[in-house]
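Spelled out from the first residue to the last, the chains are:
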Amino acid sequence: MKLFAKKDLDTVVREAHDPNLAEGHGGLKRTLTASQLTALGIGAIIGAGIFSLTGGAAAHHAGPGVAFSFVLGGILCAFAGLCYAELASMIPVAGSAYAYSYTTMGELIAWIIGWDLILEYLFGAIAVSNSWSGYIYSVINNTLGIELADGVAMFFRGPFETVTIGTGDAARTIHGVWNMPASIIALICAAILYRGIKESAWVNTLIVLLKVAILVIFVALGIGVVSSENLFVNPDASGLAALVPPATVNEHGVSQFGWGLGGVLTAAGVVFFAYIGFDAVSTTAQEAKNPKRDLPIGILSSLVICTILYILIAITLTGVVHYSELGVPDPIAVGIDAIVRLRGWAEGPRAWFTGAIKLGALAGLTSVILVMMLGQTRVFYAMAGDGLLPWFHKTHPTYKTPHVATALTGVAVAICGGFMPMYVVGELVSIGTLLAFVLVCLGVPILRRTNPNTPRPFKVPAPWVIGVLGAGACIFVMVGLPYDTWLRLIVWLAIGFAIYFTYGRKNSHLQKRLAAGAEGAKDAA
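Quick summary incoming for the structure in this document.

Overview of the overall build of the chain
Logical step 1: A count of helices and strands for the chain gives 20 helices and 4 strands.
Logical step 2: At 23 Å, the chain has a C-alpha radius of gyration in line with the 24 Å of a compact globule built from 525 residues.
Logical step 3: For the chain, the spread of C-alpha atoms along the three principal axes comes to 85 × 50 × 40 Å.
Logical step 4: The buried share among the 525 residues of the chain stands at 60%.
Logical step 5: Contacts spanning at least 24 positions in sequence make up 78% of the contacts within the chain whose residues lie at least 6 apart.
Logical step 6: Within the structure as shown, the chain displays about 19400 Å² of accessible surface, and the carbon and sulfur contribution to it stands at 67%.
Logical step 7: In the chain, 31 side chains carry a positive charge and 29 a negative one; their mean positions are 10 Å apart.

Structural data, given as structure tokens:
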């Protein structure tokens, strides 16, 4: 069998426009517009990076310099986003980078990236469901002032985490047992996705409008009470460089802060998975009404909007709260409490404002989970349609959704979200995202060489420059991620190889066609 056998690009493109021709890939409805695709992208991008990982990246790596980490992430995503836009408009099928790799680098590479995308979306949803639980607890404990009993509070964190009950001198810490809110929200999102893509897009669009409005209000009210002492934390530097704390080594001998490894560069890798929204847009290519036009619009517009908001939020958040206090699952909630305190608001307006913002954060995180799980199910669908995985290509006879993949994803996120801590899965998702971007960036110049005459509704300018720079930049950020994150990625890929060589390679539709063709040629000879 040929491990690097490629799908014929012309056949894939033809099947994309006539799903009845596609073996194992029929059944999805084309219902999504450019505005809905943009909202899907924003729904995935604005969420984890702002509501969850910004705080940890600032507290442990970059301080207020996390704003530079988002700038770096935005530049990298500009390269990758352009490459995604060309490939998505050219190959409008479900599966995103997996589908592109199958036509450019062959089946084994496609399997690697498909398995990597499963890691990316599955663990992305798990990380954000953890943060969702953190915000629920903040609303109950801090905003409403309800002190939960120990037997209840222990179900707001997994067994590897602790939860703080009460505030001030009366606060106490207990060990978690199971993160029940994280499990519940995963099952709710799975139920929405099971019902249909159009309904899911509607829910997501409404949530996106709400959370963007909330974040704009947060910036508008917070920017006026930003403290220069919180922002300019490096007295030995001048200008904007003073936003980055001096490089140090902690008690465990690990480098922290500064511009390089352990600092701004590492923070860029940590928050990077929040940018996978435009990857999620490309996974729905087979459900876009006019993929040639709408996919590039959805990918690039969501990227631009979100990068600007990311930078504004990072500056505001680290300006109202010292970065050392932000290593929590709900940093925006901490920022909100600081804003109302600095503005000296009375108890009534304060409770109203903090409650509204935190509910907006909950809505925003819900849309991230929704889009992450949507992307996961479409990757499952695409891989199973090619024979590399079982069952998941089946669609519901009424709803026309990949219901088997949706049900399994919902159960997996609910179980893993119940016991896995966010800091572990967040960095793992980042490295998976970066690996996907590397292969997509390389795919554009490769296809320009191998299939120069295939129609390209959207073209990347200077494809060799953009593609190689994008791949190289992503590898550069990957190097800055912690050693244990690389180790977990290697273990995940080893599990994937075991599945591929025991099931996928034997059941691959492409491998079967190649074997039948070789047998026919042998008989003819």
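Back to the write-up after that little detour.
Considering the side chain of Glu-86
Logical step 1: If you trace the backbone, Glu-86 turns up in helix H4 (residues 66-90).
Logical step 2: Judged by its relative accessible area of 0%, Glu-86 is buried.
Logical step 3: Ignoring sequence-local partners within four residues, the contact set of Glu-86 consists of Val-444, Arg-448, Arg-456, Phe-458, Lys-459 and Val-460.

Some points on the nonpolar core
Among soluble globular proteins, nonpolar side chains are generally buried collectively.
Logical step 1: Residues Phe-51, Tyr-84, Tyr-98, Phe-123 and Ile-332 are the most contacted members of the largest nonpolar core, which totals 156 residues.
Logical step 2: At 20 residues, helix H6 (residues 107-143) tops the list of elements feeding residues into this core.
Logical step 3: Of all hydrophobic cores here, the second largest spans 7 residues; its members include Leu-148, Ala-153, Val-163 and Ile-165.

Digging into the packing of H6 against helix H14 (residues 331-342)
Logical step 1: With their axes 9 Å apart at the nearest point, H6 and H14 run at an angle of 30 degrees to one another. The orientation of H6 relative to H14 falls into the category roughly parallel. Residue-level inspection shows Tyr-135, Ser-138 and Asn-142 of H6 in contact with H14, the latter providing Pro-331, Ile-332, Ala-333 and Asp-337.
Logical step 2: Of the residues assigned to the contact of H6 with H14, the class counts are 4 nonpolar, 2 polar and 1 charged.

Brief notes about unusual backbone geometry
Logical step 1: Despite not being glycine, Phe-257 shows a phi value in the positive range, around 65 degrees.
Logical step 2: Of note in this structure, Trp-391 is not a glycine but carries a positive phi near 70 degrees.

Considering helix H2 (residues 34-45)
Logical step 1: Relative to the 16 Å expected for 12 residues at 1.5 Å per residue, H2 spans 16 Å between its end C-alpha atoms, a close match to the ideal helical length.
Logical step 2: Those residues of H2 lying buried are Ala-34, Gln-36, Leu-37, Thr-38, Ala-39, Leu-40, Gly-41, Ile-42, Gly-43, Ala-44 and Ile-45.

Examining a nonpolar patch on the surface
Logical step 1: On the surface, Phe-155, Val-177, Met-180, Ile-184 and Ile-188 cluster together into a nonpolar patch covering about 390 Å² of accessible area.
Logical step 2: Inspection of the secondary structure assignment puts Val-177 in the loop between strand E2 (172-175) and helix H8 (180-195).

So, the packing of aromatic side chains
Logical step 1: Inspection of every chain in the model, using the stated rule, returns 16 aromatic pairs.
Logical step 2: Look at Phe-257 and Tyr-323: their rings are 5.5 Å apart centre to centre, the planes differ by 65 degrees, and that puts the pair in the edge-to-face class. Taken together, the positions of Phe-257 in the loop between strand E4 (255-256) and helix H11 (264-271) and Tyr-323 in the loop between helix H13 (291-320) and H14 put the pair 66 residues apart, joining distant regions of the chain. Accessibility assignment for this pair places Phe-257 and Tyr-323 in one class, buried.

What counts and how
- Residues numbered from 1 in each chain as written.
- Predicted model: local features only at pLDDT ≥ 70, side-chain atom pairs only at ≥ 80, totals over all residues.
- Heavy atoms only, no water.
- Helix = DSSP H or I, 4+ residues; strand = E, 2+ residues; numbered from the N terminus.
- Rg over C-alpha atoms; globule rule 2.2 N^0.38 Å.
- Buried < 20%, exposed > 50% of the residue type's maximum accessible area, 1.4 Å probe, protein only.
- Contact = heavy atoms within 4.5 Å.
- Areas by Shrake-Rupley, 256 points an atom, 1.4 Å probe, with all protein chains shown as cover.
- Lys, Arg positive; Asp, Glu negative; His and termini not counted.
- Charge placed at Lys NZ, Arg CZ, Asp CG, Glu CD.
- Core = buried A, V, L, I, M, F, W, Y, C linked by side-chain atoms within 4.5 Å.
- Axes fitted to C-alpha atoms, helices over the stretch in contact; angles between N-to-C directions.
- Parallel < 35°, antiparallel > 145°, perpendicular 65-115°, else oblique.
- Nonpolar A, V, L, I, M, F, W, Y, C, P; charged D, E, K, R; others polar.
- Expected span 1.5 Å × (residues − 1).
- Patch = residues over 30% accessible without salt bridge, like charges linked within 9 Å, V, L, I, M, F, W, Y side chains within 5 Å.
- Salt bridge = Lys/Arg side-chain N within 4 Å of Asp/Glu carboxyl O.
- Phe/Tyr/Trp six-rings, centres within 6.5 Å; stacked < 30°, edge-to-face > 60°.

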